[in-house]
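Architecture at a glance
One-letter residues, chain by chain:
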Amino acid sequence: MKTIVTTAYRPTEKNIAEARGIAETLDITFIERNKRSIETVHMDEQSDVIVAMKERLELYPLGKAEPFFFHPNSAAFRTKRPLAQDPLIEVSGLQPGDSFLDCTLGMASDAITASQWVGADGKVVGCESNPNIAFIIQEGLQRYQAMPHLTGAMKRIQVMPMDCIEFLKTLVDGSFDVVYMDPMFTEEIKEASNFSPVRSAANMGQLTEEWIAEAKRVAVKAVVLKAHFRSEDFERFGFTRRVRPNTKFHYGAIKFTDNDKILS
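I will try to describe carefully the structure that is included in this document. (Residues numbered from 1 in each chain as written. Predicted model: local features only at pLDDT ≥ 70, side-chain atom pairs only at ≥ 80, totals over all residues. Heavy atoms only, no water.)

This paragraph deals with the packing of aromatic side chains. Two aromatic rings, taken as a pair, are described by how far apart their centres are and by the angle between their planes. Summed over the entire model, instances satisfying the criterion amount to three aromatic pairs. Both rings, one in Phe 70 and one in Tyr 144, keep their centres 5.8 Å apart while their planes meet at 80°; by these two values the pair is edge-to-face. Taken together, the positions of Phe 70 in the loop between strand S4 (57-60) and helix H3 (75-78) and Tyr 144 in the loop between helix H6 (131-143) and helix H7 (151-155) put the pair 74 residues apart, joining distant regions of the chain. Its relative accessible area of 6% is what places Phe 70 among the buried residues. Judged by its relative accessible area of 17%, Tyr 144 falls in the buried class. (Phe/Tyr/Trp six-rings, centres within 6.5 Å; stacked < 30°, edge-to-face > 60°. Helix = DSSP H or I, 4+ residues; strand = E, 2+ residues; numbered from the N terminus. Buried < 20%, exposed > 50% of the residue type's maximum accessible area, 1.4 Å probe, protein only.)

Here's what the structure looks like:
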């Protein structure tokens, strides 16, 4: 699907310059807004539309009236609780100063939570295969100011706009302490609506033997999976499931010791 970039409804010179810069960065076309509605822009251009607003970037997939934009999502409240008790932190064994690879960045809430926990001495990288979504998230992580306690954690996250398996293949063995994956649920959770406008554009790929093998090669401490509670992927791929009563998703982990890595 073609993508174009435009400005706010009543743009300033700065807004126009920013939109032109985004077009150059993403190698897409800049279109004058000319006070058109997004619906009209969709009809005229027959493309997805990135809108450079004053405070944020918005992505309107063709035919969608609701925009996709960055927000810390569940990280907003997760990081206000004791992080050592967060289920992702608990099941992964992640420690301050560790490195964390999020293979399925999405809205980046898990990456933000991990980044807050590992701190400035740690490292968090997230993969997003759709370049438009990756750019919106990358810019949002740098711009978002409404939650000062998360500013540092968000700015430290490195976004890789590429398929996670291809990225894993570029890494040497043991590159990250924890490798995490949260594939799109085959059974959609209605409460997880922030991603709805771009769900059709997101990578819906499910777990494969190749993905798991690459993740296990790259991870030092653990490979962690988040999936719908009905998912059979935990058992199929050898994850130890952490059952969470009355929740619609579970976590699972494949954990390693030094001997495991030597023997493999």
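Moving on: the packing of helix H1 (residues 13-26) against H6. The N-to-C vectors of H1 and H6 enclose an angle of 130°; their axes lie 12 Å apart at closest approach. Of the possible angle classes, the one that applies to H1 and H6 is oblique. Here H1 and H6 pass one another in a crossing that is right-handed. Seen from H1, the contacting residues are Glu 18, Ile 22, Thr 25 and Leu 26; seen from H6, they are Pro 131, Asn 132, Phe 135 and Arg 143. For the contact of H1 with H6, the class distribution of residues is four nonpolar, two polar and two charged. (Axes fitted to C-alpha atoms, helices over the stretch in contact; angles between N-to-C directions. Parallel < 35°, antiparallel > 145°, perpendicular 65-115°, else oblique. Left-handed = near helix turned anticlockwise from the far one by under 90°. Contact = heavy atoms within 4.5 Å. Nonpolar A, V, L, I, M, F, W, Y, C, P; charged D, E, K, R; others polar.)

A few words on H6. Between its terminal C-alpha atoms H6 stretches 18 Å, which fits the 18 Å expected from 13 residues at 1.5 Å a residue. For H6, the N-terminal cap is Asn 130; the gap from its side-chain oxygen to the backbone nitrogen of Asn 132 is 2.9 Å. (Expected span 1.5 Å × (residues − 1). Polar contact = N/O pair within 3.5 Å; in protein donor to acceptor, adjacent residues only side chain to side chain.)

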